[in-house]
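Spelled out, the chains give:
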Amino acid sequence: IELPRKYCRLYFMTLRGCERAKCWFWHVPEQGDEKICTAILRTYISIKESCLLKRAVQIFVKYYRQVTPGTDFSSQVLNDLLISLLKNCLLQEVFQILNVTVQIATLPSVDVLLKVFEHVASLNIRDAVPTLISTFRKLTDAGMCLKFEHFDCIIKFLHQLQVSSQEINTVLSIKSRYVLPMTGSVFSVLEAGALYLVPSSQHCKEKSDWTKLGALYVTARSGCEDSDDLQKLSLCIAKILTRDSETDSPGVPFCDFADAVIENSQHNGADRIFIGRIGISAMYSYHKLLQWIKGRKVLDKLHELQIHFTVLKGLIGEERLASRCQIVNKAAEIFLKTGSLDGATWVLRESKWTTNAPLWPCDKTDILCRQNLLRTLVHKYLRNSLYRQAFEVLQNLPGFQHCSDAVDVSQYRCLFNKLISACFESNNLGVSSSAVDFMLSKNIAIDFFLLRGLITALGRSSLWSKARTYYKSALSLGCYPPLKGNFYHKLLMIPSYLSEVEMLLTIERFLVSNAKDIQSPMPTSQTLQIILKRCEDQTVQNNSNYQAAVERLILAARVSDPKLFLKHMTMNVNMEEVYSLELTSALKWLQENMKWAGKVWLF
């Protein structure tokens, strides 16, 4: 930038700026140098340094407070400066610029204003709302032209900020100045109630003024004494709102309409039911057209207004006769399609996971849709390592909650086993144990490999009581082959594929079964023997797996409390190791543990 000699080069041309206590050179362009002023601003914007952007604000404010914009003023530079300030989170500087634009009657674009609202809403800067609305009022007073969709966006951002109704009303009062006077009537005088609907609801639709339509409904309803007339009005409004779903407009009329009804209804319960039923109809329309984002906005609005739509039916179309199961299915699917697992689970919980019930009968198609929906939800939760949420969904699959579902729950075996497997990988013993308990209670087949893995993991985590419980269940299910050998006569054969935890639990059972002979030995009593049986694939030539089993058996005796002592005796003809269990250690174990062990293993 070519600066006149009287301009301070340190201030205009360096990042640090001028640090002189008293500078004799100019820090503000003089009148007539608007071209230089614009060039400086454009340069600072392009460099994108926060300190330069703040300096750009100082220059802009000081210059245009004393100079009227001329031919070298650039609206593009003004808009770019505001956007750059927003990107650098310099909100106060944005308000400074906007206030000056009001004074010089040279306003930024509406898109920039909307970005300011969006910035405040996205960062939830609620303290900035009073200044934001005040500035907005000044801009509109200065002549900024907005369309109805612009007001809709602004109101949406304000709702996102959860501002007070007074602040919303301020914006609505500004919006009302843009509304053309409504004339004519689409509704005739309804017979029984002599109800005149002078404003036209069709006019509301054409102007996209859904807030006015909401106010129209409340006014009409409050003056209507005939239920048939009110039903006609409700159906008419429902058709108008749902018909809009066939257009490509970005807005969702239902949301603005619902806000207006709730705001003006003075907590009328019938109005909330009406909003819920219209919401269901709107949701169905968007679902049918695969407009997932719009359907999600309808559901978010119902949730925000705390309207329990899952106990309602729609007003028009197929949803008037839809089952509760079907309505919940569609709502949950919309949440899933828009990436909200929590939303899908919320709507299912809200409905108490209901499928078939006397007051809400459904058909096989609804049940099948629910199954597929919950399966999808489980897989998504598992991919996100949200195991407790996945287990909650599994417990509420059709067939578990309602006997009338007539569903064979054994088909869910793979899903439950997949959950348990995923929990093992993450060492989540709590959920895997709960899942196994649930499967046992519902007679769902458990993968024996997973059940054995749980027993081993519990033992290694010193959760022996639970490990013993599941071991007993595994025995009754046939998870382990019958114990060969003279089990009650001092000979125990342990399969070499067992973990050290399973081996110890097998030895505990063996000790309790022979407790009488161990505690009162006869002079001719046999020695307690343990044979470590080879598996079919553990040939003598390939001995590494068998040797690992030998180490596990020794470890099992060592982790016992008190310790058990094994003595190697010989190797039998099958090349299997034979050990004797020292009587003294066995007797000590029984003395310390027989009180609880008898209750556990004598079954």
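One can find the structure itself at the top, above this paragraph.
Since this is a predicted model, take the numbers as computed values, not measurements.

Chemist: What is the right way to read the pattern of salt bridges from this model?
Modeler: Any two side chains of opposite charge can pair if their charged atoms end up close together. One pass over the structure, following the stated rule, counts ten salt bridges. As a salt-bridge pair, Lys-301 and Glu-304 come within 3.1 Å of each other at their nearest N and O atoms. Of the two residues, Lys-301 and Glu-304 are both situated in helix H15 (residues 292-304); the distance of three residues between them amounts to about one turn of the helix. Taking relative accessible area as the criterion, Lys-301 reaches 6% and is therefore assigned buried. Residue Glu-304 is classed as partly exposed on the basis of its relative accessible area, which comes to 43%. Several salt bridges share partner residues, and in doing so they unite Asp-259, Lys-301 and Glu-304 into one network.

Chemist: Explain helix H13 (residues 253-264) to me, please; I cannot follow it from the model alone.
Modeler: Note on helix geometry: an α-helix contains 3.6 residues per turn, so any two residues three or four positions apart are oriented the same way. Over its twelve residues, H13 runs 17 Å from end to end, which matches the ideal 16 Å to within 8%, given 1.5 Å per residue. Counting buried positions along H13 gives nine out of twelve residues, so the element sits mostly inside the fold. Of the positions making up H13, those classed as buried are Pro-253, Phe-254, Cys-255, Asp-256, Phe-257, Ala-258, Asp-259, Ala-260 and Val-261.

Chemist: What am I meant to see in the packing of aromatic side chains here?
Modeler: Pairs of aromatic rings are described using the distance from one ring centre to the other and the angle between the two planes. Under the criterion given, the structure shown has 19 aromatic pairs. Relative to Phe-438, the ring of Phe-391 has its centre 6.1 Å away and its plane inclined at 85°; by these criteria the two rings are edge-to-face. With Phe-391 in helix H19 (residues 387-395) and Phe-438 in helix H21 (residues 429-441), this residue pair connects regions lying 47 residues apart in the sequence. Owing to a relative accessible area of 8%, Phe-391 belongs among the buried residues under this scheme. Look at Tyr-471 and Trp-601: their rings are 5.7 Å apart centre to centre, the planes differ by 80°, and that puts the pair in the edge-to-face class. With Tyr-471 in helix H23 (residues 464-477) and Trp-601 in helix H27 (residues 583-601), this residue pair connects regions lying 130 residues apart in the sequence. By relative accessible area, Tyr-471 is classed as buried at 2%. Taking relative accessible area as the criterion, Trp-601 reaches 3% and is therefore assigned buried. Here the aromatic residues Phe-391, Phe-400, Tyr-412, Phe-416 and Phe-438 are joined through ring pairs into a cluster of three or more. When the ring centre of Tyr-11 is taken as reference, the NZ or CZ atom of Arg-55 above it lies at 5.4 Å.

Chemist: I tried to follow the nonpolar core on my own but got confused; where do I start?
Modeler: Here is a general trend for soluble globular proteins: nonpolar side chains tend to be buried in one another's company. Core analysis: the largest hydrophobic core is formed by 126 residues, its most contacted members being Phe-254, Phe-257, Leu-419 and Ile-455. With 64 residues, the next largest nonpolar core counts Tyr-11, Ile-40, Phe-73 and Leu-113 among its residues.

Calculation notes
- Residues numbered from 1 in each chain as written.
- Predicted model: local features only at pLDDT ≥ 70, side-chain atom pairs only at ≥ 80, totals over all residues.
- Heavy atoms only, no water.
- Salt bridge = Lys/Arg side-chain N within 4 Å of Asp/Glu carboxyl O.
- Helix = DSSP H or I, 4+ residues; strand = E, 2+ residues; numbered from the N terminus.
- Buried < 20%, exposed > 50% of the residue type's maximum accessible area, 1.4 Å probe, protein only.
- Expected span 1.5 Å × (residues − 1).
- Phe/Tyr/Trp six-rings, centres within 6.5 Å; stacked < 30°, edge-to-face > 60°.
- Lys NZ or Arg CZ within 6 Å of the ring centre and 35° of its normal.
- Core = buried A, V, L, I, M, F, W, Y, C linked by side-chain atoms within 4.5 Å.

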